[in-house]
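# Structural characterization, general
Spelled out from the first residue to the last, the chains are:
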Amino acid sequence: MESSELMSSTPIALTIAGSDSGGGAGIQADLKTFSALGAYGCSVITALTAQNTLGVQGIFDVTPAFVRQQLDSVFSDLDISAAKVGMLSQPEVIETVAQAISDHRLQYLVVDPVMVATSGDVLLQAAAIDTLRNKLIPKATLITPNLPEASVLLDCPRPESLEAMIAMVEPLMELGAGAVLLKGGHLPSSNGTGKAVDLFHDGKALHKLESPWVETRNTHGTGCTLSSAVTALLAKGYPLMEAVRSAKEYIAGAIAHADHLNISRNKADGHGPVHHFYRSW
């Protein structure tokens, strides 16, 4: 096989997100996930955070112009078929990313509407919510909100039951994305089922995805990791349904093995990362 053939067969996934200095979420989690699932990862950094397992101590936004320069740089040279969007805290950056996605004719876009960190710190400016809703989500192949994020997007109370969660799916689809993966990890006590229940609407039908519920404080970066897992698998050619199911299986294992890591000096107070490399370490 010619070297050019080998190069063209390499799946490349792009993350457009904020940096987590603690390494558990954001760009760092995305690149770890891409590597763990066999995709080459590249990145566009939208913000820097001073962050650890205890929370976010500071945010430094990257200018829209430099975000665009990064986007044009990677798209002009790399054969990117799938990208995920995470933390975009400024309306102008959201508009910049949405325009670049259109200009470069990206095939698959996964939007993880990052608004609140696991610690409870708010990461998205209020003025940016409408821009996200109107400019970027309609371009998405898939959006992956958790329940607090879905409540913000729909301007409604957070659901307290599986039935209320199911009722959110159609309104989320009406925002214009091709598909919705609504994550149910914030249901009280996993809704008493002993299962972590997510809802996936592929544009045709609603599917309930379940995995065993794991009791752990180490859940930092779960949303980033799940959305980047879907992105990596789309880059590798998986159909959307198969990519979502396989990503759900991967994050369930990463959470189940999270306590094997010894990262923080403040285990009683912080939220440690999931174990991205549990299959190989």
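None of the values given here were measured: they were computed from a predicted structure.

## Details of the pattern of salt bridges
Per the counting criterion, the structure on display carries seven salt bridges. Residue Lys84 pairs with Asp30 through a salt bridge whose shortest N-O separation is 3.1 Å. Residue Lys84 is found in strand 4 (residues 82–85), and its partner Asp30 is found in helix 2 (residues 26–36); the two are separated by 54 residues along the sequence. Asp30 shares its class with Lys84; the two are buried.

## Let's talk about helix 3 (residues 64–77)
Since the α-helix turns once every 3.6 residues, residues separated by three or four places project in the same direction. For helix 3, built from 14 residues, the straight-helix expectation of 20 Å at 1.5 Å per residue is met to within 8% by its first-to-last C-alpha distance of 20 Å. Along helix 3, the positions that sit buried rather than exposed are Val67, Gln70, Leu71, Val74 and Phe75. Considered in projection along helix 3, the buried side chains sweep an arc of 120° and stay on one side of the axis. The exposed residues of helix 3 that point more than 90 degrees off its buried face are Ala65, Gln69, Ser76 and Asp77. The inward-facing, buried residues of helix 3 abut strand 1 (12–20), strand 2 (40–52) and helix 4 (91–103).

## Some words on the environment of Pro212
Within the secondary structure, Pro212 sits in strand 9 (residues 206–212). Residue class for Pro212 comes out exposed when judged on its relative accessible area of 55%. Pro212 sits 37 residues away from Glu249 along the chain, and the two C-alpha atoms are 10 Å apart. In contact with Pro212, other than residues within four places in its own chain, are Gly194 and Ala196.

## Thoughts on helix 5 (residues 128–136)
Those residues of helix 5 that sit buried are Ala128, Ile129, Thr131, Leu132, Arg133 and Leu136. Tucked inside the fold, the buried residues of helix 5 contact strand 4, helix 4, strand 5 (108–111) and helix 6 (147–154).

## Describing the packing of aromatic side chains
Applying the stated criterion across every chain yields a total of two aromatic pairs. Between the aromatic rings of Phe277 and Trp281, the centroid separation amounts to 5.6 Å while the plane-to-plane angle is 20°, which identifies the pairing as stacked. The exposed category is assigned to Trp281, whose relative accessible area is 70%.

Parameters and conventions
Residues numbered from 1 in each chain as written. Predicted model: local features only at pLDDT ≥ 70, side-chain atom pairs only at ≥ 80, totals over all residues. Heavy atoms only, no water. Salt bridge = Lys/Arg side-chain N within 4 Å of Asp/Glu carboxyl O. Helix = DSSP H or I, 4+ residues; strand = E, 2+ residues; numbered from the N terminus. Buried < 20%, exposed > 50% of the residue type's maximum accessible area, 1.4 Å probe, protein only. Expected span 1.5 Å × (residues − 1). Arc of directions from axis to C-beta. Contact = heavy atoms within 4.5 Å. Phe/Tyr/Trp six-rings, centres within 6.5 Å; stacked < 30°, edge-to-face > 60°.

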